[in-house]
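Each chain is listed here by its residues.
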Amino acid sequence: MARHTSKGTAAGKEPEASSPKTTVPPIPPSDNVLPIIPANFEPIRLEGHRDLIVQQPDLFRRFNDHPELATLLLINPVLAFGEVGVEMSREIAHHVLHTLQHPPRQRRRRDELEASLKEKIGELPRPEDPQWVSRFLFEKLQLTPLKTDGLKPAYKVPLNAAAIERLQALRPKRQLRRQQQAESEYKQLESASGQPAARPSIRSGRSAIRIKMTHNAPRRLDIEADLPPLKEARRAPTEVDLETLYFYKDSHPLACDLLELGIIKRRSFPIHSGDSYRQIKEGQKNNAFRTWVKSIRFAEAPDDESNG
Amino acid sequence: MSLTANFDYCVELGIAQVREIFHLAFKSEDRYPHNIGPLTRSLTGREFTINVRVHDDNDRPAELNFQDEKHFRFTFPFDLTTETPDAPDPALSRVTLQVIVEVPGLLDNWVEEGEDVLGVSFLGITATDVNITRLDGLPTIDINNFLAAIHNRYDTISHVYTDATSGSRLVLYDGNRDNTLNPPNSSGDEITAALETHSGDEYLKITAPIHVTVPLPSGGDYTSYGRLIFWRQVLTTDTTIAVQMGSEPALATLRTTVELNNVAGQQQAELTEIVERLHTTYDVIDHTRSMFGTTVTFYDGERDLSLVPPNKIGLPEITAVFETHSGTEYLKVTLPIHVAVSVPVYLSYGTITFWREVTRTDTTLSVNFAIAPANPALQTSVALDVPEGGLVSGPLASQVGPALAAFGTLSGPSFGAVEAQLIAMATTGINNFGTVIEPAFSESAARDLLRTEIAAYLSERRYPFYSPKSPDPEDEPLSTPVGFLLLPDNVLAILLNRRTGTPADDHAPDNFLGSNPLALAVGRAKVDEVIGEAIIAQFPELSKSNGSYTGQQPIETDEGDATLFELAVVPANPGAHGESRGHLWVSGEAEVHIDCWPDPDVTFSGPIFIDAVRVDSEEGCTLELQARAGEFDVDQSCCDVLLDLLIPIVGWIMLVIIENCIDAVGGELAADIAAGQAEAIEPIPPVINGIAEVTACLEGLDISSQGFVFPGEIYIRRLGRSYEDLMEDSNRPRP
């Protein structure tokens, strides 16, 4: 169960009014990715986990010898194994996919939340389905709809505090002194008023440069941050995405659990469908991993070990 | 190719913006005075007060151009007014010249009030550096100026001159300027002058109306109006035209002369003197002579009453007149006589008429009675009252010569002596005019003088226009700005933070301004340095190794763990890696830790773009920068881990680069990183050395292998407002 605290401890900031969204234009198919020409391999059948371990050296060698196939592991590992002649049982396929999706601790938490929610609501939770989430909140949980238009959730900062401190030290000393002074003034205002105060306006000139230090992704929603005061909405939305669900996290424990599950699922390694896999493989569709990842190599055991 | 040469940062401005700043700066009278003076100069022996007004308006604009890599070329139009209270010609006491001058200004840096500044220096310029492109209003001295000077000087000198010895008096006129003179100027003529050339020299011929009164020795006065005519040499140099009135020319033909209207009076005066001497000589000669049985008695009025017979009734005296015959002047004398012949007896009164030649010098005339003229028409004749048929008069005329010779040689003053006296008196008056010196600069002399004066004025001056002054007293001083002018593109490049070498190694950067009015650049070395520092700050287990950063940096995320072995972030050109835009090329290697599976080594590489969007609002302009990994869809969660590794570091790289750049160029920084974004304000110094308020709006970001370029716009406003500004706006203060 997620802990619900009254005050957030995360590094994320309180929600603020959002700026107009910038639309990222669709990325056309890249000319940099070449379609993969299938190679012929001796088939390998993996029935169980032991087969996977025994065949590892051969599998690694096949992938290392064909690096263009190795990168397909990031698209759909089961299908990628198939490229090197591997057939998997459903058990092994499920294991491979499951292992890749989440690290163990996230896997465990995901399983917990899915089981708990399923038990409580009588169906498998689908936080990635906005219409399902809407029905869940307003029909199943009977929550009062809230006005969330224009509000932005709080996100965790991807960098840890130590890294931020080291990066801060790279800034001009004059800048750091001004920031410390501004922060001190802000805290004085806050302690004097007893409540969060608007940060003093520091913009005195005509021009400014604003740097967006990170993009905010749903998987970094700060579930422990405080929510702002929210007003009731006249009617419930028919679709609720994760960023909107965020504002209901304190309305009901199950809403918070659903949000946490949604965040975890967002963090999962995406496995592409067969059709998507084929399109990516043939260069008809872009995928960042296909263009960014240049090689995946596995450590191969020496010949005498592999023969042992 | 280099955006910033051997420096870290560079600000480039187009010449239009530099000119705008220049024109605004030039309006600051206290900093860039364009009303200069009054200055005092001693020129051609006279004190001049000089005022200069430099212009910069629509009709007469000042101008700035780029001459070479280190020099501006300024063009200044100005009016130069010279005043001297005692100009010989009052019309020349105030002269205004219209001048246009070109001077080079060195783009230099120095320390002013403890701060390093970049500016324009005129130190050390010489007259040869100054170019006069226009010079109008230089007066040309002509005869009218001389006349005006003479008339002006007349008012200051004495107009009546007296010779104490002779009592002669000369009055000098100039029209009716002095209406107290007695007698008044009958003609009303003014002093006139004309320029003449004699023996290759130029002279001023001056004619002045006069009146003379000369007491005659014989009594009475000779009076006459006339003219004083004199020449004086005109001496011309490159800077003056002078006439020394007190210096008479050596040429005999140019001696001072006096022309008097009363010529008859002159003759009468001379005759009177000669006749007086005749009378005086008569008193000492024999009055009775016997010759050839004839007794001749000479009379002269009642001078000898003892004579027998006495002078006939009426007592006629010896008389004389001047006559000219065949070009020779003679004295015709008529001498009353009595003739007594004994056999046969003949008695009669009569006269002897005879001529004697007059000999003149400048100051005397003389008549030698002993020499009879050869001209037969001028033979001595005798006329007797009692007719005698020539029997007595004829022989007597031929024999009376010796008796007439007894008069000897008579001399008297000619009127030339009077004229000499008058000229001496007039010369005193002429001398009182003194030396007339008109400052009269030739074109070349005027230009030379202006060049010298301008160079002398400017050679002590320099004017800062850019100072990356830190407003925080705790800061270390910012670096010395170094400037270059890029020709033929007409770009001012200001370099900051020398990275390598010494000032002797400084050289001009590339023109990255393009068609923008303003651009800031961060050099490749600085970009690499910041990238390296940011990488190590985020991944402290990595260290620099041959252009990338290597080591074993544990990465722990909610999505999984990895060990980062190598990371490199390199700015790349448009066109590199098949990307049309400039970008940061990221490459690296990591070992990904997968549960229940051997950890594979993953090598990765790809572009990160910095999207730059200018957003204008009521607050002003904002350049929004956001890093975006190429080929990544922001909603594609699969890649968020990589994005979380790369995007923040790029964000910090951008922040540190921009802040350090703005800090170095002297801009103003903000102090906030909030809600995942940071702000910096005023990219370049908002106030350039008290001249103008400058606001820069950066509009984009261009990445290349040479570094980063931020193109922008610049807005320039004069700092403070002057009366001139208010006048332009018709907004003068009202009562």
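No experiment lies behind these values; they were computed from the predicted model shown.

Undergrad: An account of the overall build of chain B is requested, with residue identities and associated values reported.
TA: Regarding its fold elements, chain B presents 10 helices and 40 strands. Here chain B has a C-alpha radius of gyration of 54 Å; the compact-globule value for 735 residues is 27 Å, and the former is much larger. Structurally, chain B occupies a C-alpha span of about 195 × 55 × 40 Å along its principal axes. When the 735 residues of chain B are sorted by exposure, 51% land in the buried category. Contacts spanning at least 24 positions in sequence make up 61% of the contacts within chain B whose residues lie at least 6 apart. When the accessible surface of chain B is split by element, carbon and sulfur atoms take 50% of a total near 31600 Å². Positive and negative charge centroids in chain B, built from 43 and 106 side chains respectively, lie 14 Å apart.

Undergrad: Requested: an account of the packing of helix α6 (residues 130-140) of chain A against helix α10 (residues 253-267) of chain A, with residues and values cited.
TA: All names here are of chain A. One way to put it is that α6 packs onto α10 with a least axis distance of 10 Å and a crossing angle of 160°. Taken together, the axes of α6 and α10 lie roughly antiparallel to each other. Crossing angle aside, the handedness with which α6 passes α10 is right-handed. Residues Trp132, Val133, Phe136 and Leu137 of α6 pack against Leu254, Ala255 and Leu258 of α10. Tallied by class, residues from the contact of α6 with α10 come to 7 nonpolar, no polar and no charged.

Undergrad: Outline the packing of aromatic side chains, supporting the account with residue identities and numerical values.
TA: Inspection of every chain in the model, using the stated rule, returns 20 aromatic pairs over all chains. Relative to Phe298(A), the ring of Phe63(A) lies with its centre 6.2 Å away and its plane at 45°, an arrangement referred to as tilted. With Phe63(A) in helix α1 (residues 49-65) and Phe298(A) in the loop between β4 (293-297) and α13 (303-307), the pair connects residues that are 235 residues apart, well separated along the chain. You can call Phe298(A) buried: its relative accessible area is 7%. On the basis of an interplanar angle of 80° and a centroid distance of 6.4 Å, the ring pair of Phe72(B) and Phe465(B) is categorised as edge-to-face. Taken together, the residues Phe72(B) in strand β5 (residues 71-83) and Phe465(B) in strand β25 (residues 462-466) connect sequence positions 393 residues apart. Each member of the pair, Phe72(B) together with Phe465(B), is buried. Chaining the aromatic ring pairs together yields one cluster made of Phe22(B), Phe26(B), Phe66(B), Phe72(B), Phe74(B), Phe76(B), Phe122(B), Tyr463(B) and Phe465(B).

Undergrad: Which residues make up the pattern of salt bridges, and what are the values?
TA: When charged atoms on two side chains of opposite charge get close, those side chains can pair. Evaluated as defined, the whole model comprises 45 salt bridges over all chains. Residue Asp58(A) pairs with Arg61(A) through a salt bridge whose shortest N-O separation is 3.6 Å. Taken together, the positions of Asp58(A) and Arg61(A), both in helix α1 and 3 residues apart, correspond to about one turn of that helix. Note that Glu529(B) and Arg499(B) form a salt bridge whose closest N and O atoms lie 2.5 Å from each other. In this pair, Glu529(B) sits in helix α8 (residues 524-538) while Arg499(B) sits in the loop between β27 (491-498) and β28 (518-523), placing the two residues 30 residues apart along the sequence. Taking relative accessible area as the criterion, Glu529(B) reaches 26% and is therefore assigned partly exposed. On the basis of relative accessibility, which here comes to 32%, the residue Arg499(B) falls in the partly exposed class.

Undergrad: With reference to specific residues and values, describe the state of the cysteines.
TA: The bond known as a disulfide is covalent and runs between the sulfur atoms of two cysteines. Residues and elements named next belong to chain B. One pass over the full model with this rule turns up 1 disulfide over all chains. Between the sulfur atoms of Cys621 and its disulfide mate Cys697 the distance is 1.7 Å. Classification of the bridge connecting Cys621 and Cys697 rests on its S-S torsion, roughly -90°, and on that basis the disulfide is left-handed. Residue Cys621 is found in strand β34 (residues 621-629), and its partner Cys697 is found in strand β38 (residues 692-698); the two are separated by 76 residues along the sequence. Taken individually, Cys621 and Cys697 each receive the classification buried, so the pair is uniform in this respect.

Undergrad: Could you give an account of the nonpolar core, with specific residues and numbers?
TA: Phe72(B), Ile608(B), Leu625(B), Met654(B), Phe708(B) and Phe710(B) are the most contacted members of the largest nonpolar core, which totals 154 residues. Take this core: its biggest share by element is 15 residues, from helix α9 (residues 640-665) of chain B. When sequence neighbours within four positions are dropped, the list of residues in contact with Leu625(B) reads Ile209(A), Arg210(A), Ile211(A), Lys212(A), Ile610(B), Asp611(B), Ala612(B), Met654(B), Ile658(B), Leu701(B) and Phe710(B). In terms of nonpolar packing, the next biggest core, distinct from the first, is built from 37 residues, Phe298(B), Ile318(B), Val341(B) and Tyr346(B) among them.

Undergrad: An account of the pairing of strand β26 (residues 482-486) of chain B is needed here, citing residue identities and associated values.
TA: When a strand is regular, its side chains alternate between the sheet's two faces. Residues and elements named next belong to chain B. Counting buried residues in β26 gives 5 out of 5 residues, a clear majority hidden from the surface. Neither face of β26 is open: one carries Val482, Phe484 and Leu486, the other Gly483 and Leu485, and all of them are buried. The pairing of β26 with β27 spans 5 bridges and is classified as antiparallel. Within the sheet, the bridge partner assigned to Leu485 lies in β27 and is Leu492.

Undergrad: Can you lay out the environment of Pro503(B) for me, pointing to particular residues and giving the numbers?
TA: Take Pro503(B): it is sitting in the loop between β27 and β28. With 497 residues separating them in the primary sequence, Pro503(B) and Asn6(B) have C-alpha atoms 9.7 Å apart.

Undergrad: Outline a positive patch on the surface, supporting the account with residue identities and numerical values.
TA: Residues and elements named next belong to chain A. A cluster of like positive charges, contributed by Lys147, Lys231, Arg234 and Arg235, occupies part of the molecular surface. Among the secondary structure elements, Arg235 is positioned in the loop between β3 (207-212) and α9 (242-245). Since its relative accessible area comes to 71%, Arg235 is described here as exposed.

Undergrad: Tell me about the side chain of Ser268(A), and name the residues and values.
TA: Counting through the fold element by element, Ser268(A) comes out in the loop between α10 and α11 (274-281). Contact partners of Ser268(A), with chain neighbours within four places excluded, come to Gln101(A), His102(A) and Arg110(A).

Undergrad: Break down the domain arrangement of chain B for me, with residues and values.
TA: Residues and elements named next belong to chain B. What the domain assignment lists for chain B is domain 1 (7-135 + 442-486), domain 2 (144-261 + 417-439), domain 3 (267-407) and domain 4 (501-718). On a C-alpha basis, the centroid separation for the pair domain 1 and domain 2 is 50 Å. On the side of domain 2, 12 residues touch domain 1, which itself brings 10 residues to the contact. With both chains or domains summed, domain 1 and domain 2 bury close to 910 Å², and 55% of this area falls on carbon and sulfur atoms. When the area that domain 1 buries against domain 2 is broken down by residue, the three leading residues are Thr44, Pro88 and Asp89, summing to 54%. Here domain 1 is connected to domain 2 by 5 residue pairs in polar contact (both at pLDDT 80 or more). Its residues placed into classes, the side of domain 1 that touches domain 2 shows 6 nonpolar, 2 polar and 2 charged.

Undergrad: So what's going on with unusual backbone geometry? Which residues, and what values?
TA: Geometrically, the link from Asn182(B) to Pro183(B) is a cis peptide bond, its omega value of 0° lying close to zero. Summarising the element assignment, Pro183(B) is placed in the loop between β10 (169-172) and β11 (192-198). Although it is not a glycine, Gln142(A) adopts a positive phi angle of roughly 55°. Within the element layout of this structure, Gln142(A) appears in the loop between α6 and α7 (161-168).

Rules used throughout
Every residue gets a number counted from 1 within its own chain, in the order that chain's sequence is written. Starting at A for chains and at 1 for ligands, labels are handed out in the order in which the entities are written. Thresholds applied to this predicted model are a pLDDT of at least 70 for local features of residues and 80 or more for the giving and counting of side-chain atom pairs; totals over whole chains, interfaces and linings are not thresholded and use all residues. Side-chain numbers come from the whole structure's heavy atoms, not from hydrogens or water. Runs of E in the DSSP output that reach at least two residues are strands. Runs of H or I that reach at least four are helices, and both are numbered from the N terminus. The globule rule used for comparison is 2.2 Å times the number of residues to the exponent 0.38, while the radius of gyration itself is calculated over C-alpha atoms. Only protein chains enter the accessibility calculation, which uses a 1.4 Å probe. A residue is then buried if its area is under 20% of the maximum for its type, exposed if over 50%, and partly exposed in between. Contact definition: two residues touch when any of their heavy atoms are within 4.5 Å. Residue-level accessible areas treat just the shown protein chains as cover; the underlying method is Shrake-Rupley with a 1.4 Å probe. Just so you know, the count uses Lys and Arg for positive and Asp and Glu for negative, and it drops His and the chain ends. Every charge is mapped to an atom, namely NZ of Lys, CZ of Arg, CG of Asp or CD of Glu. Where helices are involved, their axes are fitted lines through C-alpha atoms of the stretch in contact, as for all axes, and angles between N-to-C directions lie from 0 to 180°. Roughly parallel means an angle under 35 degrees; roughly antiparallel means over 145; roughly perpendicular covers 65 to 115; every other angle is labelled oblique. In this scheme, a crossing is called left-handed if the near helix is turned counterclockwise away from the far one by less than a right angle; it is called right-handed if the turn is clockwise. Residue polarity is assigned by list, with Asp, Glu, Lys and Arg as charged and Ala, Val, Leu, Ile, Met, Phe, Trp, Tyr, Cys and Pro as nonpolar; anything else, Gly included, falls into the polar class. In summary, the pairing rule links any two rings of Phe, Tyr or Trp, Trp by its six-membered ring, whose centres are within 6.5 Å, and it sorts them by plane angle into stacked for under 30 degrees, edge-to-face for over 60 and tilted for everything else. Take a side-chain nitrogen of Lys or Arg and a carboxyl oxygen of Asp or Glu: if they are within 4 Å of each other, that pair is a salt bridge. Only a pair of cysteine sulfur atoms within 2.5 Å qualifies as a disulfide here. Grouping buried Ala, Val, Leu, Ile, Met, Phe, Trp, Tyr and Cys residues that are joined through side-chain atoms within 4.5 Å yields what is termed a nonpolar core. Being paired, for any two strands, means DSSP has found at least two bridges between them. Residues enter patches when their relative accessible area tops 30% and they take part in no salt bridge; the joining distance is 9 Å for like charges and 5 Å for the nonpolar side chains Val, Leu, Ile, Met, Phe, Trp and Tyr. The start and end points of each domain follow an automatic or database-based domain assignment. A simple way to read buried area is as the amount of 1.4 Å-probe accessible surface that goes missing from two parts once joined, with both sides added. Whenever two N or O atoms come within 3.5 Å, that pair is a polar contact, provided that in protein one can donate a hydrogen and the other can accept it, and provided that, for residues adjacent in sequence, both atoms are side-chain atoms.

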